[in-house]
Amino acid sequence: MPLDEVNEGILEYFPALSPDGRKLAYLTSENQDYAITVIKIYDFETGEKKELERTVNTRMSWSPDGKQLLYTRNKGGFSDLYIHDFEADKERRISANLRAKDPAFSPDGERIVFVHNEDGTHNLGLINRDGTNLTYLTNNNDATQYYAPRFSPDGNQVITSGRDKNIRVWNTKDAKQVRAIGGFGDEVYRVLVAKDGKVYSSSAAKTARVHTVGDGKQVRSLAGHKDWVYSVAVTPDSKLIATGSYDGEIRIWNAADGKGTVTFVAAPGYKAPKTAAK
């Protein structure tokens, strides 16, 4: 997005890059009431922005072929799963009264994992892309909180972050938890699962970390941020890692040795509220 549009006093968040890297889906309140967000698609080649749907407020996921976008919308008091087909330019609802958030496609595009939110408690759900075969991996009733679940590269496992300071790995076939990866010291906000079988995470402990999915061992810890690390991203070749913290700082790291290469502030002049980690 052009840098001259960064400080216009609007909300823009949950960016999702298309598989071919040519488009960016994100939520924005641009030209809307401040509390209302819409999906926009930014085309890097043409510079054009296309508005899709309104009342969307959680993370989105592109289909592996880049032809569809998965998200949740709130209609009638319930957040349900929707898929927008770009070729047909149509939206399709695939659930009813599901209370869903943070959905993600499986690597083959046939299954969807999502967070079911009811009475302040989160559970992990799986559903086919056509809305059939709804199952749950968990049965919590204790205010458990999961953030943005993602599939493993082979689609056989689901990886979650959460408020309990752990990354958790679940089998999709038998709903059993394979392992819990701890040692963070605070909430784990975001997990990203790369094709190389590594899990990249960010946390309120002001660090980002890299683990292997297969055994849960830590490969690297990236320290240097002075505030909560909210986001993490990795290049397609897994050579560079980007992290973003609550105070607006972005850091780029070499994945091979964990050394920082670039540090900058994404929103010059921004000052984080005093509620941020100190």
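Above this text is the structure in question.
Because the structure is a prediction, the values reported are computed rather than measured. (Residues numbered from 1 in each chain as written. Predicted model: local features only at pLDDT ≥ 70, side-chain atom pairs only at ≥ 80, totals over all residues. Heavy atoms only, no water.)

A. Looking closely at unusual backbone geometry. Although it is not a glycine, F14 adopts a positive phi angle of roughly 55°. Notably, A175 is not glycine yet its phi reads approximately 60°, a positive angle. On the secondary structure map, A175 appears in the loop between β15 (167-171) and β16 (177-181). (Helix = DSSP H or I, 4+ residues; strand = E, 2+ residues; numbered from the N terminus.)

B. Examining the pattern of salt bridges more closely. For the coordinates displayed, the defined rule picks out 14 salt bridges. Close ionic contact of E51 with R54 constitutes a salt bridge, the shortest N to O distance being 3.5 Å. Exposure remark for R54: the relative accessible area of 43% places this residue in the partly exposed category. Here D80 and R93 are joined by a salt bridge, their closest N and O atoms 2.9 Å apart. Taken as a pair, D80 in strand β7 (residues 78-85) and R93 in strand β8 (residues 90-93) lie far apart in primary sequence, 13 residues in all. Judged by relative accessible area, D80 falls into the buried class, the value being 0%. (Salt bridge = Lys/Arg side-chain N within 4 Å of Asp/Glu carboxyl O. Buried < 20%, exposed > 50% of the residue type's maximum accessible area, 1.4 Å probe, protein only.)

C. Summary view of the layout of surface pockets. Its boundaries defined by the atoms lining it, the second largest pocket holds a volume of some 160 Å³. What lines the second largest pocket is simply S106, D108, E110, R111, L126, F151, D154, G155, N156, T172 and K173. By residue class, the composition of the lining of the second largest pocket is 2 nonpolar, 4 polar and 5 charged. (1 Å grid on protein atoms, 1.4 Å probe; cavity = no way out; pocket = protein on both sides within 12 Å on 5 of 7 lines; lining within 4 Å. Points joined across faces, edges and corners; volume = space filled by probe spheres on them. Nonpolar A, V, L, I, M, F, W, Y, C, P; charged D, E, K, R; others polar.)

D. Spatial organisation of the nonpolar core. Counting residues in each nonpolar core, the largest one holds 12 residues, listed as A16, A25, L27, I39, I41, L52, V56, M60, W62, L69, Y71 and Y82. At the level of elements, β2 (23-28), β3 (38-43) and β6 (68-75) are the ones that each hand at least two residues to this core. The residues touching V56, leaving out its near neighbours within four places in the chain, are L27, T37, I39, Y71, T72 and R73. (Core = buried A, V, L, I, M, F, W, Y, C linked by side-chain atoms within 4.5 Å. Contact = heavy atoms within 4.5 Å.)

E. Region of interest: the pairing of strand β17 (residues 188-193). With 6 of 6 residues buried, β17 lies mostly within the body of the structure. Pairing of β17 with strand β18 (residues 198-203), which is carried by 5 bridges, proceeds in the antiparallel orientation. For V188, the partnering residue across the bridge sits in β18 and is S203. (Pairing = 2+ DSSP bridges.)

F. Examining the pairing of strand β1 (residues 12-17) more closely. Relative to β2, β1 runs antiparallel, the two sharing 4 bridges. Across the sheet, the residue bridging to Y13 is L27, located in β2. In sequence, β1 turns back onto β2 through a hairpin of 5 residues, with G21 there showing a positive phi of about 75°.

G. How the structure looks around the packing of aromatic side chains. For the structure shown, the criterion picks out 11 aromatic pairs. Ring geometry for Y13 versus F14: centroids 4.8 Å apart, planes at 70°, classification edge-to-face. What makes Y13 partly exposed here is its relative accessible area of 26%. With a centroid separation of 4.5 Å and an interplanar angle of 40°, the aromatic rings of Y189 and Y230 are classed as tilted. Note that Y189 is positioned in strand β17 and Y230 in strand β21 (residues 229-234), a separation of 41 residues in sequence. For Y230, a relative accessible area of 34% puts it in the partly exposed group. In this structure an aromatic cluster arises from ring pairing among Y147, Y189, W228, Y230 and Y246. The ring of Y82 is capped by R73, whose NZ or CZ atom sits 5.7 Å from the centre of that ring. (Phe/Tyr/Trp six-rings, centres within 6.5 Å; stacked < 30°, edge-to-face > 60°. Lys NZ or Arg CZ within 6 Å of the ring centre and 35° of its normal.)

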